[in-house]
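# Residue-level structural notes
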Amino acid sequence: MESLKLLWMSTGLANFELGQVIMMLVGCGLLYLAIARNFEPLLLVPMGFGAILTNIPVAGFSEVGGLLHYIYYAGIDTGIFPLLIFMGVGAMTDFGALIANPKTLLLGAAAQFGIFATLFGAIALNAIPGFEFSLKDASAIAIIGGADGPTAIFLASKLAPELLGAIAVAAYSYMALVPIIQPPIMRALTTEDERKIEMAQLRPVTRVEKIIFPLAVLLMTIFFLPAATPLVGMFCLGNLMRECGVVDRLSATAQNELINIVTIFLGLGVGSKLSADKFLNVETLGILALGAVAFSIGTASGVLMAKLMNRLSKEKINPLIGAAGVSAVPMAARVANKVGLEANPHNFLLMHAMGPNVAGVLGSAVAAGILLALVG
Amino acid sequence: MENLQELFIEAGTLMLAGMVFVFAFLGLLIVFINVVLVRLAKKYPDAIVESRATNKRNNKKQEGNAGVSPAVVAAISSAVTQYRQQHSTKK
């Protein structure tokens, strides 16, 4: 009888707590979004599964000695995984469109207003009872507006590790929702005529320019914002490997095998932070709401900046590409292209939108560096 | 409440400093592209890309002249001689 009781006590059924069941359902929800809806599946599948594993009673995946515990501390707590992902993103990024039309850097800069406005919003939430965001917490939440998963995870792991799960879920969910969130804002802020604007063809960019560019970005970061060098440095390394043309094998590894391997572990590590005590609270709701606000403000400020530039400059740019200033590469650029095609079926904005799009990646990395330097 | 006010002021300062810095940084990058990279592009106008393309073209031509054609020529000529030999023996 004693042994039977012992056996029962070692089953999952006897040890389940309500919070764990709910979090497993959240994990299943993430798996559903990834598999059935194709929302950022590369990250949401390991993340959703990680959420299920970490909430298994008795198994202790996230306790000392558990697999997910070590994955988290080896890769996310140290910042290694998001940085390796950033190197892969750098190896996938073509700065050609940006170098050909450097003005679009201003659009990428304007879209970062989403980050800083949300910082304000997160602090404002403190007025509601139940919310207690410190400046560090608010900064980590605000970076969701950068629409850049690895940057958000990197900053959250440094500034507010206890909020990392909610921040990562919010960041990746909204990145997947870019095609739904952005178009209404873009249409509301532009006229039909503005959406029809056709842009001049981009000049060809030489190989020398593409090689010098990442080195120059790194040099500027070293001079002006060393706090951002982990992110920018890895990004530039990946990009240089791509453009220099002598290490094609390394470049191919960084943008395929390595980034895939790291994505599995990053997803599992983030999933391990989706435990009931850290996720099931009112703060998570606040983070999800603020994330949506951050994205919307970022999109709006990119579009408005493009309109302002049109007022001041003779060379017209289509304001839709301003929305691509929130990184989310290449989804945001595709959305700009799609909305542009609706207004003018002969207007292909994709290449033009890639400029602000990659500028947004640089902008959000710089913004993360500023937050790290001033708040961290 | 006073604490909240302080946080607001800090967040506001951060917002201002952050946006100014982001614009300054990326603005400087615009200047760099317009001043340095554009000049570099003019100084080395597609030098590498063009030379690579011409090299490729040359390679193809060379392959066409020196690599493939001689082999084909050799094959044809040997076939012709073989045919002639066979033809002559039959006669």
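The notes below deal with the structure included here. As the structure is a prediction and not an experimental result, all values here were calculated from the model. (Residues numbered from 1 in each chain as written. Chains lettered and ligands numbered in written order. Predicted model: local features only at pLDDT ≥ 70, side-chain atom pairs only at ≥ 80, totals over all residues. Heavy atoms only, no water.)

### Side note on the overall build of chain B
Applicable threshold: Segments assigned H or I by DSSP are reported as helices when at least four residues long, segments assigned E as strands when at least two residues long, and all are numbered from the N terminus. Only the protein chains shown count as covering a residue, and every accessible area follows the Shrake-Rupley method with a 1.4 Å probe.
Looking only at helices and strands, one finds two helices and zero strands in chain B. As presented, chain B carries roughly 6900 Å² of accessible surface, and 61% of it is formed by carbon and sulfur atoms.

### Remarks on the overall build of chain A
Worth spelling out the cut-off: Two things to know: the radius of gyration comes from C-alpha atoms, and the globule rule equals 2.2 Å times the number of residues to the power 0.38. Pairs of residues are marked as contacts when any of their non-hydrogen atoms sit within 4.5 Å.
When its secondary structure is counted, chain A shows 22 helices and zero strands. For a compact globule of 376 residues, the expected C-alpha radius of gyration is about 21 Å, and chain A comes in at 22 Å, within 12% of that figure. With respect to the three principal axes, the spread of C-alpha positions in chain A is 85 × 50 × 40 Å. Residue pairs in contact within chain A that sit at least 24 positions apart in sequence constitute 77% of those at least 6 positions apart. Just so you have it, chain A exposes about 15000 Å², and 68% of that area is on carbon and sulfur atoms.

### Describing a nonpolar patch on the surface
Residues and elements named next belong to chain A. Selection rule: Candidate patch residues must exceed 30% relative accessible area and have no salt bridge, after which like charges are joined if within 9 Å and Val, Leu, Ile, Met, Phe, Trp or Tyr side chains if within 5 Å. Salt bridges are identified by distance alone: a Lys or Arg side-chain nitrogen within 4 Å of an Asp or Glu carboxyl oxygen.
Among the surface-exposed residues, Trp 8, Met 9, Leu 13, Phe 16, Val 21 and Leu 25 lie close enough to one another that they form a single nonpolar patch of about 620 Å² accessible area. Elements with a minimum of two residues in the nonpolar patch: helix H1 (2–9) and helix H3 (18–35). Structurally, Leu 25 is set in helix H3.

### Here we look at the interface of chain A and chain B
Selection criterion: Accessible area that two parts lose when put together, evaluated with a 1.4 Å probe and summed over both, is termed the buried area. Any pair of N or O atoms that falls within 3.5 Å is considered a polar contact. Within protein, one atom must be able to donate a hydrogen and the other to accept it, and sequence-neighbouring residues count only if both atoms are side-chain atoms. Residue polarity follows a fixed list, in which Ala, Val, Leu, Ile, Met, Phe, Trp, Tyr, Cys and Pro are nonpolar, Asp, Glu, Lys and Arg are charged, and the others, Gly among them, are polar.
Between chain A and chain B, the contact holds 46 residues from the first and 32 residues from the second. Contact with chain B buries surface across chain A, with Phe 120, Arg 207 and Met 220 of chain A losing the most and accounting together for 16% of the total. The interface formed by chain A and chain B includes zero salt bridges. Taken together, the connections running from chain A to chain B amount to zero residue pairs in polar contact (both at pLDDT 80 or more). Of all elements in the fold, only helix H7 (96–100), helix H8 (104–110), helix H9 (113–125), helix H10 (135–142), helix H15 (207–224) and helix H22 (350–375) of chain A reach the threshold of two or more residues within the side of chain A that touches chain B. A class-by-class count of the residues in the side of chain A that touches chain B yields 35 nonpolar, seven polar and four charged.

### Some details on the pattern of salt bridges
Side-chain pairs of opposite charge can arise where the charged atoms are in close proximity. All names here are of chain A. Inclusion rule: Note on exposure labels: buried denotes an accessible area under 20% of the residue type's maximum, exposed denotes more than 50%, and partly exposed covers the range between, all computed with a 1.4 Å probe on protein chains only.
All chains considered together, the criterion is met by six salt bridges over all chains. For the salt bridge of Lys 210 with Asp 94, the shortest nitrogen-to-oxygen distance reads 3.2 Å. One end of the pair, Lys 210, is in helix H15; the other, Asp 94, is in the loop between helix H6 (80–92) and H7, with 116 residues separating them in the sequence. Taking the relative accessible area as the measure of exposure, Lys 210 reaches 18% and is therefore buried. Note that Arg 242 is salt-bridged to Glu 243, the shortest N-O span being 3.2 Å. Arg 242 sits in the partly exposed class, given a relative accessible area of 27%.

### Examining the packing of helix H4 (residues 41–54) of chain A against helix H12 (residues 164–176) of chain A
Residues and elements named next belong to chain A. This is how the line gets drawn: Angular values range over 0 to 180 degrees, each being the angle between N-to-C directions of two axes fitted as lines to C-alpha atoms, with helices fitted over their stretch in contact. Each angle gets one of four labels, with under 35 degrees taken as roughly parallel, over 145 as roughly antiparallel, 65 to 115 as roughly perpendicular, and the rest as oblique. Helix crossings fall into two classes, left-handed where the near helix is turned counterclockwise from the far one by less than a right angle and right-handed where it is turned clockwise.
Contact geometry for H4 and H12: axes closest at 11 Å, N-to-C directions at 150°. On the basis of the axis angle, H4 is roughly antiparallel to H12. Every pair of crossing elements has a handedness; the one defined by H4 and H12 is left-handed. Residues Leu 43, Leu 44 and Met 47 of H4 touch H12, and the partners they reach there are Ala 168, Val 169 and Tyr 172. Here the residues of the contact of H4 with H12 sort into six nonpolar, no polar and no charged.

### Describing the packing of aromatic side chains
To keep it simple, the criterion reads: Within 6.5 Å between ring centres, the rings of Phe, Tyr and Trp (the latter by its six-membered ring) count as paired, and their orientation is classed by plane angle as stacked under 30 degrees, edge-to-face over 60, tilted in between.
Counted by the stated rule, this structure contains 10 aromatic pairs over all chains. Measuring from centroid to centroid gives 5.2 Å for Phe 86 of chain A and Phe 235 of chain A, while their planes differ by 45°, and the two rings are tilted. Remark: Phe 235 of chain A occurs in helix H16 (residues 229–244) and Phe 86 of chain A occurs in helix H6; sequence separation between them is 149 residues. Of the two residues examined, Phe 86 of chain A and Phe 235 of chain A, each falls in the buried class. Pairing Phe 21 of chain B with Phe 25 of chain B gives two aromatic rings, centres 6.3 Å apart and planes at 25°, and the pair type is stacked. Of the two residues, Phe 21 of chain B and Phe 25 of chain B are both situated in helix H1 (residues 2–43); the distance of four residues between them amounts to about one turn of the helix. Judged by relative accessible area, Phe 21 of chain B falls into the partly exposed class, the value being 25%. In this structure an aromatic cluster arises from ring pairing among Phe 86, Phe 95, Phe 213 and Phe 235 of chain A.

### Observations concerning the environment of Ala 109 of chain A
Position of Ala 109 of chain A relative to the elements: it lies in helix H8. For the pair Ala 109 of chain A and Ser 364 of chain A, spaced 255 residues apart in sequence, the C-alpha to C-alpha distance is 8.2 Å. Apart from residues no more than four positions distant in its own chain, Ala 109 of chain A is found in contact with Met 19, Val 22, Phe 23 and Leu 26 of chain B.

### Some points on unusual backbone geometry
Residue and element names in this part refer to chain A. Following Val 329, the chain continues to Pro 330 via a peptide bond in cis, the omega torsion being -10°. With respect to the helices and strands, Pro 330 occurs in the loop between helix H20 (282–312) and helix H21 (331–343). Phi is positive for Glu 40, which is not a glycine, with a value near 35°. Among the structural elements, Glu 40 can be located in the loop between H3 and H4. Residue classification places Glu 40 among the partly exposed positions, given a relative accessible area of 23%.

### Focus: the packing of helix H13 (residues 178–189) of chain A against H20 of chain A
All names here are of chain A. Here H13 crosses H20 at 40°, and the two axes come no closer than 10 Å. Accordingly, the angle class assigned to the pair H13 and H20 is oblique. For the crossing formed where H13 meets H20, the hand is right-handed. The residues of H20 that touch H13, namely those facing Val 178, Ile 181, Gln 182, Ile 185, Met 186 and Leu 189, are Phe 295, Ser 296, Thr 299, Ala 300, Val 303, Leu 304 and Lys 307. Partitioning the contact of H13 with H20 into residue classes produces nine nonpolar, three polar and one charged.

### Description of the state of the cysteines
Selection criterion: Counting rule for disulfides: a pair of cysteine sulfur atoms within 2.5 Å.
Throughout the structure, instances matching the rule amount to zero disulfides over all chains. Cys 244 of chain A carries a free sulfur, and the closest cysteine sulfur to it, the one in Cys 236 of chain A, is 13 Å from it.

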